[in-house]
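Architecture and fold: a report
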Amino acid sequence: MLKTLNIENIAVIEKADIEFSSGLNVMTGETGAGKSIVVDSINAVLGERTSKELVRTGAENAFVTALFEDINESVKNKLEELGINNEEDSSLLLTRKISASGKTSCRINGTPCTVSMLRELGSVLVNIHGQHDSQALLNPDYHYLFVDMLSDSDKPLKEYKESFRELIDIRKRLKLLTSDADEKERQLELLSYEIDELEKADIKIGEKEELLKKKDVILNYQNIISALNSVMSAMNGNDDFSGVTTLVAGASKELEALSGVDNELKLIYDSLTELNDSAETVKDLASSKLNSVDFSENELEKIEERLDLLYRFSRKYGETEEEMLSYLENAIKRRDSIVNSDEELEKLNAEYDGVFDKTVALANSLSENRKLTAKALEKDVKAQLEYLDMPKIQFVVSFEKGNLSSTGFDKIEFLISTNPGEPPKPLSKIASGGELSRIMLAIKNIIAKSDSVDTLIFDEIDTGVSGRASRKIGYRLRDVSRHTQVICVTHSAQIASVADTHLLISKEFKNERTYTSVQPLDYDERKKELARIMGGLEITDTLLKSAEELLKGN
């Protein structure tokens, strides 16, 4: 539910901190005091379109912050879809900043977001109903949702959706198989060429790395030969130098006879012997490597050609050898699928027919279930509207059969007739704001326990209604508020008197500027406000007594 709303520099509201309760909240005030601005602010923080004209004159920026508590699972799921973390205490903080230049910035739980993300989240948080709004109730495309919401079981819809998804999957596979012959021939020709090219290449995993090593050796051929010759010269010596092996062997021989005389001489002799062995080993390794090193211009050319082929293939089939071989495997499967498409097509057609029949049967079952639910809805709405002083009402849930879709084949629309003798017409065609508000209230009261939206806002639901009907609307709003938080902007004392929380919106003039404030009212303050609504400018004892009777009558 909406717990707090903080408004700063929105139109005539310089600053307002509003706290709502979990039941029925009403907002009253004189015409022009700023009641609609509060609703506009809620719309803004829910991502609806706004204008820089909303920013208070002289201010650089306007801010709206809304704190929600105990958000439900549908809101949590939506946050996950949007990639935003849920708070452990199930709270949700929305903020929107609007600059005088027209720029806007938004945050969800402190995370920057787009206006469209805010709007998407707002759709599962709050449902705002005004006199001329375009809520889901006025859009026939959404009427099936109200019926499904009242169904005793969601099993028929779930089973149908699973079957429909299977049907669509088979249809996509059929479409691929039944593409025109020229396209299939073109694909087959391309796949055959790619397969032949990859198979002839005989690609081995790791060969690119091995080729690069060989190339590096060849390119460093002269340096390797020179280095090995230097090693051999150092080991064997020349005309001017006896060589390491000769010098070490000579020194070792001189110490051999003396090694038994002194332990330290013995240690030196042993070390020279090891050094001589190591020198011989180095000489043998260098000699062997020198004899094995062979350079061929032809070999380098072949390596270059192979690396070039692997580079070209990496552009076409995948960067690594593994990806190229995987491409080959998939290409063979696709070629085989096209070659065997006739057999596969026959099999898929049979499968499609079976799933289609199953989907149609489930759609029929879903439709019958909806019609039973719709009959109960018609009866309940009529009873609700009779209570709300619309006794001659006709409410009809119209069913037409359309094409199979993800929600069945039912085209459901709410029809209404408010005058005897007139045929029911689409709900969206109703002209009276008062009638529309009461119809919407009746339906909302019926589905309140099932509705996933936890906050309902009614903007001047009492328009065109007075007296006893207003009182009954107030009772119905209170009934709805026992399951769903209700916030109501009203001019009716009868509706305001049944509220759990009564907020007064008032304005005053200071230093040639207009300021609007929002204050919660206690019992005595409520009496005065109800008396003002009933009597206008002068508040008499009689009006105060009538106001007290309204409050006590609840």
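1. Digging into the pattern of salt bridges
Tallied over the entire structure, the rule returns 26 salt bridges. Between E159 and K155 there is a salt bridge, with the nearest N and O atoms lying 3.9 Å from each other. Residue E159 and its partner K155 are located together in helix α5 (residues 155-177), separated by four residues, close to a single helical turn. The partly exposed category is assigned to E159, whose relative accessible area is 33%. Between R335 and D336 there is a salt bridge, and its shortest N-O distance comes to 3.7 Å. For R335, a relative accessible area of 25% puts it in the partly exposed group. On the accessibility criterion, D336 (33% relative accessible area) is partly exposed.

2. Observations regarding the packing of aromatic side chains
Inspection of every chain in the model, using the stated rule, returns six aromatic pairs. Judged by centre distance (5.9 Å) and plane angle (25°), the ring pair of Y160 and F164 falls under stacked. With Y160 and F164 both in helix α5 and four residues apart, this pair spans about one turn of that helix. Across the pair, exposure class does not vary: Y160 and F164 are buried alike. An aromatic cluster of three or more residues is present, and its members are F146, F395 and F414. We note K401 situated over the ring of F409; from NZ or CZ to the ring centre the distance is 4.7 Å.

3. Details of the sheet that holds strand β8 (residues 126-129)
Spatially, the six strands line up as an open sheet ordered β8-β12-β13-β3-β14-β15, and their pairing is mixed. Looking at strand neighbours, the two that pair on one side only are β8 and β15 (513-520), the edges of this open sheet. Averaged over all neighbouring strand pairs, the angle between strand axes comes to 15°, with direction disregarded. Sheet topology places strand β3 (residues 24-28) next to strand β13 (residues 485-489); four bridges connect them, and they run parallel. Bridging from a neighbouring strand, N25 pairs with I487 of β13.

4. Some remarks on the sheet that holds strand β10 (residues 408-417)
Across a sheet, strands are paired by hydrogen bonds formed along the backbone, either parallel or antiparallel in direction. Reading across the sheet, the three strands line up as β9-β10-β11 and stay open at both edges, with antiparallel pairing between neighbours. At either margin of the open sheet sits one strand with a lone partner, and together these are β9 (394-405) and β11 (425-426). The pairing of β10 with β11 spans two bridges and is classified as antiparallel. By the bridge assignment for β11, I416 is matched with K425. Of the strands in this sheet, β9 and β10 touch α5, which is tilted by about 30° from β9. On top of the sheet, helix α13 (residues 341-387) reaches β9 and β10; it is set at about 170° to β9, its chief contact.

5. Concerning the pairing of β13
Among the five residues in β13, five count as buried, and that is most of the element. Across the two faces of β13 the burial is the same, with Q485, I487 and V489 and V486 and C488 all buried. Strand direction decides the pairing type here: strand β12 (residues 455-459) and β13, joined by five bridges, are parallel. Considered in β13, the bridge of D459 is made with V489.

6. Concerning helix α9 (residues 244-256)
An ideal rise of 1.5 Å per residue puts 18 Å on 13 residues; α9 measures up with 18 Å between its terminal C-alpha atoms. Within α9, burial applies to T245, V248, S252 and L255. Along the axis of α9, the buried positions cluster into a sector of 105°, meaning they face one direction only. Facing away from the buried side of α9 by over 90 degrees, the exposed positions are K253 and E254.

How each quantity is defined
- Residues numbered from 1 in each chain as written.
- Predicted model: local features only at pLDDT ≥ 70, side-chain atom pairs only at ≥ 80, totals over all residues.
- Heavy atoms only, no water.
- Salt bridge = Lys/Arg side-chain N within 4 Å of Asp/Glu carboxyl O.
- Helix = DSSP H or I, 4+ residues; strand = E, 2+ residues; numbered from the N terminus.
- Buried < 20%, exposed > 50% of the residue type's maximum accessible area, 1.4 Å probe, protein only.
- Phe/Tyr/Trp six-rings, centres within 6.5 Å; stacked < 30°, edge-to-face > 60°.
- Lys NZ or Arg CZ within 6 Å of the ring centre and 35° of its normal.
- Pairing = 2+ DSSP bridges.
- Axes fitted to C-alpha atoms, helices over the stretch in contact; angles between N-to-C directions.
- Contact = heavy atoms within 4.5 Å.
- Expected span 1.5 Å × (residues − 1).
- Arc of directions from axis to C-beta.

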